[in-house]
Amino acid sequence: MNTSAPSSVGRGIFYICVAAVAWGTGGAAAAVLYDTSGMGPVAVSFWRFAGGVLLLAAGHLVVRRRTAAPAGAPARGRWRHVVTTGVGLAVYQTAYFAAVGYAGLAVATVVTLGSGPILIALGSRVLMGERIGRAGAVTVTLALVGLVLLVGGGSAGRASAPALGLAYALLSACGYAGVTLLNRKMGRDGTSGSPQTTALGGFAVGMACLLPLALLEGLLPTSGDAGQVLGLVAYLGFAPTALAYSLFFAGLATVRATTASVIALMEPVTATVIAVLLLDERLTVTATVGSVVLLGAVVALTLGEQRANAAQQATPTGTAQHPTPARSG
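Quick caveat: nothing in here was measured; it's all calculated off a predicted structure.

**Q** It is not clear to me how the overall build of the chain should be interpreted in this structure. Could you clarify?
**A** Secondary structure summary: the chain contains eleven helices and zero strands in total. Listing each helix as α and each strand as β along the chain from the N terminus yields α-α-α-α-α-α-α-α-α-α-α. Expressed as a percentage of the 329 residues in the chain, the buried residues total 47%. Sequence-distant contacts, at least 24 apart, represent 90% of the contacts inside the chain between residues at least 6 apart. With an accessible surface of roughly 15600 Å², the chain has 69% of that area assigned to carbon and sulfur atoms.

Structure (structure tokens):
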């Protein structure tokens, strides 16, 4: 394992921050596609996955030609990891889009992203023995309060079926938590293979899962400029898909799952900034306060993660050679 844990943790946190910002830009791109292309959320998700697969496959071929094959973890059981990741990606992204449609953006975002850290914290404790401690729990709570203020402080959307939307949002949160926990566990244990390979396999499986639903919904665009539609699909496949998930899976190898899920809350902050700067939306006082609280919680939890790992490295002789789940509090 890596003996320079503090620097590895810092790199992992940076990777997850970049991934969260990329996800935030993806929401704006998808919204433009909905308005201009005539495609629904499942079709957009399918083309996003397809673009990610093409880019990741091309990158994988280039890397394989330039470097020798790494002596990674045993291949036995790797297919289950990839299939589970792919199904989880398809479920939580498509369920989130459905939740937005039925319950509105605010409810879907708060329930999905707000439930994620809670489910992940519980799963991390049960499955991997990771504890965030009392201070960490307070910080996570503050992050969720900030998320509620940020999203709730925006314009309210109309809800056509609130109960169904809530169910989809919870399903999305479960899928997100499952993907995060699985990849955190296997990344920490060194049994996941490269993040790019995991993302490639996961998106290929997810694309196959989405294809039948996308065909029923309508796979091809029915309106809009072909060049703009293609450009937006290409962007969705690159930044918030191929790049973001490769970095997110890489970050999970060194950053605790709960911390990663809170850092990922930078996604709605990024989306809000884009809406204000590029879409002429106005930021309310409540949303501003929520953004500040959420970002403060992200910074606090990030610093706590680095301190916990630094303390772990400073433990008595021998323990730094065998990393265990970091504990703070």
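**Q** Would you mind going over the packing of helix α3 (residues 78-103) against helix α7 (residues 195-217) with me for this structure?
**A** Any two packed helices are characterised by how steeply their axes cross, that is the angle between the axes, and by the distance between the axes. α7 packs onto α3 with a crossing angle of 55° between their chain directions and a minimal axis gap of 7 Å. Looking at the two axes, α3 sits oblique to α7. Every pair of crossing elements has a handedness; the one defined by α3 and α7 is right-handed. Two secondary-structure elements touch here, α3 through H81, V82, V83, T85, G86, V87, L89, A90, Q93 and T94 and α7 through T198, G201, G202, F203, V205, G206, C209 and L210.

**Q** Is there a simple way to think about the confidence of the model for the chain in this case?
**A** Low-pLDDT portions of the prediction should not be read for the details of their coordinates. A residue-level look at the chain finds 82% of positions with pLDDT of 70 or above and a mean pLDDT of 80. Taking the mean pLDDT of every element in the chain, the minimum, 80, falls on helix α11 (residues 285-313) and the maximum, 92, on helix α8 (residues 226-251). Residue range residues 68-73 is modelled with pLDDT below 50. Its contacts to residues more than four positions away, or to other chains, number three contacts.

**Q** Even after reading the chapter, I still don't get the nonpolar core, so can you show me in this structure?
**A** Within soluble globular proteins, side chains that are nonpolar generally end up buried alongside one another. Of all hydrophobic cores here, the largest spans 56 residues; its most connected members are F203 and F248. Ranked by residues supplied to this core, first place goes to helix α1 (residues 5-37) with eight residues. With residues near it in sequence (within four places) discarded, F203 still touches F49, V53, L56, L89, Q93, T241 and Y245. In this structure, A30, M39, L232 and L236 belong to the second largest nonpolar core, which totals ten residues.

**Q** Explain the packing of aromatic side chains here, please?
**A** We describe a pair of aromatic rings using the distance from one ring centre to the other and the angle between the two ring planes. Within the structure shown, the criterion is met by ten aromatic pairs. Here W23 and Y245 contribute two aromatic rings whose centre-to-centre distance is 5.1 Å and whose plane-to-plane angle is 50°, an arrangement assigned as tilted. Of this pair, W23 sits in helix α1 while Y245 sits in helix α8, and the two are 222 residues apart along the sequence. By relative accessible area, W23 is classed as buried at 7%. On the basis of relative accessibility, which here comes to 3%, the residue Y245 falls in the buried class. Three or more aromatic residues link up through ring pairs in this structure, and these residues are W23, F49, F203, Y245, F248 and F249.

**Q** Is there a simple way to explain the side chain of S124 in this structure?
**A** In this structure, S124 sits in helix α4 (residues 105-128). By relative accessible area, S124 is classed as buried at 1%. Not counting residues up to four positions away in its chain, the partners in contact with S124 are G129, E130, L181, A257 and T258.

**Q** Whenever I open this one, the environment of A173 confuses me. Can you help?
**A** Within the secondary structure layout, A173 lies in helix α6 (residues 162-189). Placed 78 residues apart in sequence, A173 and A95 show a C-alpha to C-alpha distance of 8.8 Å. Here A173 is in contact with V111, T112, S115, G116 and L119, once residues within four sequence places are set aside.

**Q** Help me out: how do you make sense of α7 in this one?
**A** Helical geometry note: an α-helix holds 3.6 residues per turn, so side chains three or four residues apart project in the same direction. Taking 1.5 Å of rise per residue, the 23 residues of α7 would be expected to cover 33 Å, and the 31 Å separating its terminal C-alpha atoms lies within 8% of that figure. Helix geometry: α7 is bent most strongly at L211, by close to 40°, with proline P212 lying one to four residues after it. Listed as buried for α7 are T198, A199, L200, G201, G202, F203, V205, G206, L210 and A214. Within two residues after α7, G218 carries a phi angle of roughly 120°, on the positive side.

**Q** I tried to follow the environment of A308 on my own but got confused; where do I start?
**A** If you trace the backbone, A308 turns up in helix α11. A relative accessible area of 9% means that A308 is categorised as buried. When the C-alpha positions of A308 and I132 are compared, they lie 9.7 Å apart, and in sequence the two are 176 residues distant.

**Q** Whenever I open this one, a nonpolar patch on the surface confuses me. Can you help?
**A** On the surface, W79, V83, V87, V91 and L171 cluster together into a nonpolar patch covering about 430 Å² of accessible area. No other element matches the four residues that α3 contributes to the nonpolar patch.

The rules behind the values
Residues numbered from 1 in each chain as written. Predicted model: local features only at pLDDT ≥ 70, side-chain atom pairs only at ≥ 80, totals over all residues. Heavy atoms only, no water. Helix = DSSP H or I, 4+ residues; strand = E, 2+ residues; numbered from the N terminus. Buried < 20%, exposed > 50% of the residue type's maximum accessible area, 1.4 Å probe, protein only. Contact = heavy atoms within 4.5 Å. Areas by Shrake-Rupley, 256 points an atom, 1.4 Å probe, with all protein chains shown as cover. Axes fitted to C-alpha atoms, helices over the stretch in contact; angles between N-to-C directions. Parallel < 35°, antiparallel > 145°, perpendicular 65-115°, else oblique. Left-handed = near helix turned anticlockwise from the far one by under 90°. pLDDT = per-residue confidence, 0-100. Core = buried A, V, L, I, M, F, W, Y, C linked by side-chain atoms within 4.5 Å. Phe/Tyr/Trp six-rings, centres within 6.5 Å; stacked < 30°, edge-to-face > 60°. Expected span 1.5 Å × (residues − 1). Bend = angle between axes of the 7 residues up to and from the residue. Patch = residues over 30% accessible without salt bridge, like charges linked within 9 Å, V, L, I, M, F, W, Y side chains within 5 Å. Salt bridge = Lys/Arg side-chain N within 4 Å of Asp/Glu carboxyl O.

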